[in-house]
Amino acid sequence: MLIDSHAHLEMKEFNPDREDVIERARQAGVSYIVTVGTNLALSRKAVSLARQHENIYATIGVHPHDVARVDSKTFDDLCEIARDPKVVAYGEIGLDFFRNISPREKQIEMFNLQLELAVQLKLPVIIHDRDAHERTLRMVKASGVRRGVFHCFSGDYSMARQCIELGFYISIPGVVTFDNAKTIQDVAQRVPLSSLLLETDAPYLTPAPHRGKRNEPSFIINTAKKVAQIKGLPWEEVADVTARNTMNLFGIEASSNIK
Ligand code: NI
């Protein structure tokens, strides 16, 4: 079994051929796709996609890039749509001190607020952390949240260990297939399979050998095979264990309709 634990099927990049993309993933053996909301409108769209497809689950939240544009009603609306049974996590939320599209102070304020919301909603969290490792870890620790994933992990092995000790999974993106991605390859090698998830982050971060194209969930197999090669394991085992981890984290129950 293979799962893409983090994609953005609701984004406009998939408007021309979304159903073909979903079908190609199915043909490639991807059993489930978790599609991740990044603002209110896209969270709604993610939930609507999940309602239309048995093999798609949704998450909701406001990405650090988008937090400058929330108003007082945004979070009421998010709590409302969180009630849908296909919503399995809160996120992606966090800090992006690389691009700084929203002011840092606003990012910090909204990250804290959304960590609290996740607790109230009893949902695991999906954390986005770019160039903000120390601050992100400190805030997660202080929040008391102990269930979630550091998506598109970009820290080193020592940070990965701290995340795992807090109860979090580490999600490996397609970046691991790039020749010069030594840090994430080291993380993939040393972190036990029991703490790893796999993700595409489609339409972004396309793995080799598809670099230059739009990413899509069917390409998750390239990431599974690279992690398998790094760990010296059969790729089917990497796919199975990471799929089970994803189902555990998000409370996804295997459906007899889905292989
Ligand atoms: Ni993402």
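Refer to the structure above for everything that follows.
Residues numbered from 1 in each chain as written. Predicted model: local features only at pLDDT ≥ 70, side-chain atom pairs only at ≥ 80, totals over all residues. Heavy atoms only, no water.

Novice: Tell me about the coordination of the nickel ion, and please be specific about residues and values.
Specialist: Protein coordination of the nickel ion is provided by His6 (NE2), His8 (NE2), Glu92 (OE) and Asp201 (OD), with donor distances spanning 2.1 to 2.2 Å. If you look at the nickel ion, its 4 donor atoms make angles of 83 to 176° with each other, and the shape they trace is irregular. In primary-sequence terms, the residues that donate to the nickel ion follow H-x1-H-x83-E-x108-D. Comparing His6 with His8, the two get one shared label, buried. (Donors = N, O, S within 2.8 Å, 3.2 Å for Na, K, Ca; no water. Tetrahedral: all angles 85-135°; square planar, octahedral: opposite > 155°, others 65-115°. Buried < 20%, exposed > 50% of the residue type's maximum accessible area, 1.4 Å probe, protein only.)

Novice: An account of the pairing of strand 3 (residues 56-60) is requested, with residue identities and associated values reported.
Specialist: Most of strand 3 sits out of view: 5 of its 5 residues are buried. Burial of the side chains of strand 3 extends over both faces: Ile56, Ala58 and Ile60 are buried on one face and Tyr57 and Thr59 on the other. Where strand 2 (residues 30-36) and strand 3 come together, 4 bridges link them in parallel fashion. Bridge pairing in strand 3 links Val36 to Thr59. Pairing between strand 3 and strand 4 (residues 87-96): 3 bridges, direction parallel. Opposite Ala58, over in strand 4, you have Val87 as the bridge partner. (Helix = DSSP H or I, 4+ residues; strand = E, 2+ residues; numbered from the N terminus. Pairing = 2+ DSSP bridges.)

Novice: Residues and numbers for the layout of surface pockets, please.
Specialist: Roughly 610 Å³ of volume is contained in the largest pocket. If you trace the largest pocket, you find 24 residues lining it, with His63, His65, His128, Asp201 and Tyr204 closest to the centre. Broken down by secondary-structure element, the contributors of at least two residues to the lining of the largest pocket are strand 4 and strand 5 (125-130). At 3 residues, the largest contribution of residues to the lining of the largest pocket is made by strand 5. Each residue belonging to the lining of the largest pocket can be placed in one class, and the counts come to 6 nonpolar, 9 polar and 9 charged. (1 Å grid on protein atoms, 1.4 Å probe; cavity = no way out; pocket = protein on both sides within 12 Å on 5 of 7 lines; lining within 4 Å. Points joined across faces, edges and corners; volume = space filled by probe spheres on them. Nonpolar A, V, L, I, M, F, W, Y, C, P; charged D, E, K, R; others polar.)

Novice: I'd like a description of unusual backbone geometry, backed by residues and values.
Specialist: Residues other than glycine predominantly adopt negative phi, and peptide bonds predominantly adopt the trans conformation. Glu92 follows Gly91 through a cis peptide bond whose omega is 20°. Geometrically, the link from Ala208 to Pro209 is a cis peptide bond, its omega value of 5° lying close to zero. Assignment of secondary structure puts Pro209 in the loop between strand 8 (196-198) and helix 8 (220-231). A positive phi is found at Asp131, a non-glycine position, where the angle reads about 55°. Structurally, Asp131 can be placed in the loop between strand 5 and helix 5 (133-143). Even without being a glycine, Leu205 presents a positive backbone phi close to 55°.

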